[in-house]
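Summary of structural features
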Amino acid sequence: QRQWWRSKQNLDYAFLMWYATDVSDYYMQLEDDIQVVPQFLPIVRSYIQRNLVGEQWVMASFSKLGFIGKLFNASHLSNLAEFLLVFNAEAPCDWLVWDWIDILSPEPVTIDIPDDLEKEYMQREEAKKKGPDAFKKLPFMRDDLQLYYLAGSDVFRPPARRTWMLKPALGVNGVRHRGFPRGSIRSSMESQPHYDANRAYPPGDEHGFVTSDTC
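Numbers given for residues are sequential positions, taken from 1 along each chain in its written order. Only residues with pLDDT of 70 or above have their local features reported here, since the model is predicted, and side-chain atom pairs are shown and tallied only from 80 upward, although totals for entire chains, interfaces and linings are computed over all residues. Hydrogens and water molecules were not included; the side-chain quantities draw on all heavy atoms of the structure.

As a further point, take a nonpolar patch on the surface. Each patch groups residues whose relative accessible area exceeds 30% and which form no salt bridge, using 9 Å between like charges and 5 Å between nonpolar side chains of Val, Leu, Ile, Met, Phe, Trp and Tyr. In these tables, accessible area is a Shrake-Rupley quantity obtained with a 1.4 Å probe, and a residue counts as shielded only by the protein chains included in the view. Any carboxyl oxygen of Asp or Glu that lies within 4 Å of a side-chain nitrogen of Lys or Arg is treated as forming a salt bridge with it. Among the surface-exposed residues, Leu30, Ile34 and Val36 lie close enough to one another that they form a single nonpolar patch of about 210 Å² accessible area. The helix count covers DSSP runs of H or I at least four residues long, the strand count covers runs of E at least two residues long, and both are numbered beginning at the N terminus. Tracing the backbone through its elements, the reader meets Leu30 in the loop between strand E1 (26-29) and helix H2 (40-52).

What follows concerns the sheet that holds E1. Pairing between strands requires that DSSP locate at least two bridges from one strand to the other. Ordered by their spatial adjacency, 3 strands build an open sheet running E1-E3-E2, and the pairing between neighbours is antiparallel. Either end of the sheet is taken by a strand with one partner, and the two such strands are E1 and strand E2 (59-61). Adjacent strand axes in the sheet meet at a mean angle of 25° when their direction is disregarded. Bridge count for E1 against strand E3 (residues 70-73) is 4 bridges, and the pairing is antiparallel. Within E3, the position partnered with Tyr27 by the bridge is Phe72. Structural elements are reduced to axes, namely lines fitted to C-alpha atoms, with helices fitted over the stretch in contact, and the angle between N-to-C directions of any two is expressed from 0 to 180 degrees.

It is worth spelling out the pattern of salt bridges at this point. The tally for this structure, following the rule as stated, stands at 4 salt bridges. Across the pair Glu125 and Lys128 runs a salt bridge, and its minimum N-O distance is 3.5 Å. Here Glu125 and its partner Lys128 are both found in helix H5 (residues 113-130), 3 residues apart, which amounts to about one turn of the helix. Only protein chains enter the accessibility calculation, which uses a 1.4 Å probe; a residue whose area is less than 20% of its type maximum is buried, one above 50% is exposed, and one in between is partly exposed. Owing to a relative accessible area of 24%, Glu125 belongs among the partly exposed residues under this scheme. The salt bridge involving Glu126 is made with Lys129; its shortest N-O contact spans 3.9 Å.

Moving on: helix H3 (residues 77-86). For H3, the tally of buried residues reaches 7 of 10 residues, placing the bulk of the element in the interior. Taken together, the buried positions of H3 are Leu77, Ser78, Asn79, Leu80, Ala81, Phe83 and Leu84.

Stacked, tilted and edge-to-face are the three classes assigned to paired rings of Phe, Tyr and Trp, where Trp is represented by its six-membered ring and a pair needs centres within 6.5 Å; plane angles under 30 degrees give stacked, over 60 edge-to-face, the rest tilted. Scanning all chains against the criterion turns up 8 aromatic pairs. On the numbers, 5.6 Å between centres and 20° between planes, the contact of Tyr13 with Phe67 is stacked. Of the two residues, Tyr13 is situated in helix H1 (residues 2-20) and Phe67 in the loop between E2 and E3; the sequence distance between them amounts to 54 residues. An aromatic cluster is defined as three or more aromatic residues linked by ring pairs; in this entry it consists of Tyr13, Phe67, Phe72 and Trp100.

Most peptide bonds are trans, and most residues other than glycine sit at a negative phi. Look at Asp22: it is not a glycine, yet its phi comes out positive at around 70°. The phi dihedral of Gln39 is positive, around 65°, even though this residue is not glycine. Along the polypeptide, Gln39 turns up in the loop between E1 and H2. Its relative accessible area of 55% is what places Gln39 among the exposed residues.

This part is about the pairing of E3. On E3, burial covers both faces: Lys70 and Phe72 on one face and Leu71 and Asn73 on the other are all buried. Here E2 runs beside E3; their pairing, made up of 3 bridges, is antiparallel. In the strand pairing of E3, Ala60 is matched with Leu71.

Here it is, written out as structure tokens:
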């Protein structure tokens, strides 16, 4: 039931992000039961001007809690929404976002997540043996993510990166450029006239690839 709820949350956030695309320059994920501190909005605006404008960034966090308070450039929203939609049943949104950042960033950011989570789990088990007082002194840990990880999910076990597998640099101010690298598509399926496989890439062709072959 918990996994079903987190999956639905991913879908809710995905549709919200699609709705918010092109509404503003930035997007921050909040929830309806949040009460922010005084002067929160001026502080966020000041931080953007002092630390983000003109820099290469993907996400800025204004809260330690899950997916709350995460700021993105609005040009990323449709891409992030697609990612949450595709992997909605694989993991919670506050974990998926790190894999999504990993895809955009020149350097991987999720390599240490499994080891860190395993370390936290072992700390829990040791504290349980010492008694309730030791357990209460532990720092904040996410029970649902611990259970999800121990259930055998390998979403956060990225393969080792080769040094030559470089990614293009991010645009300044966190803007995502919508260009596509050169590529061509060939298919053994017979295409309809004027609807050959090359129309499938880059995406956006109003006609696309059409075939009468069946699987």
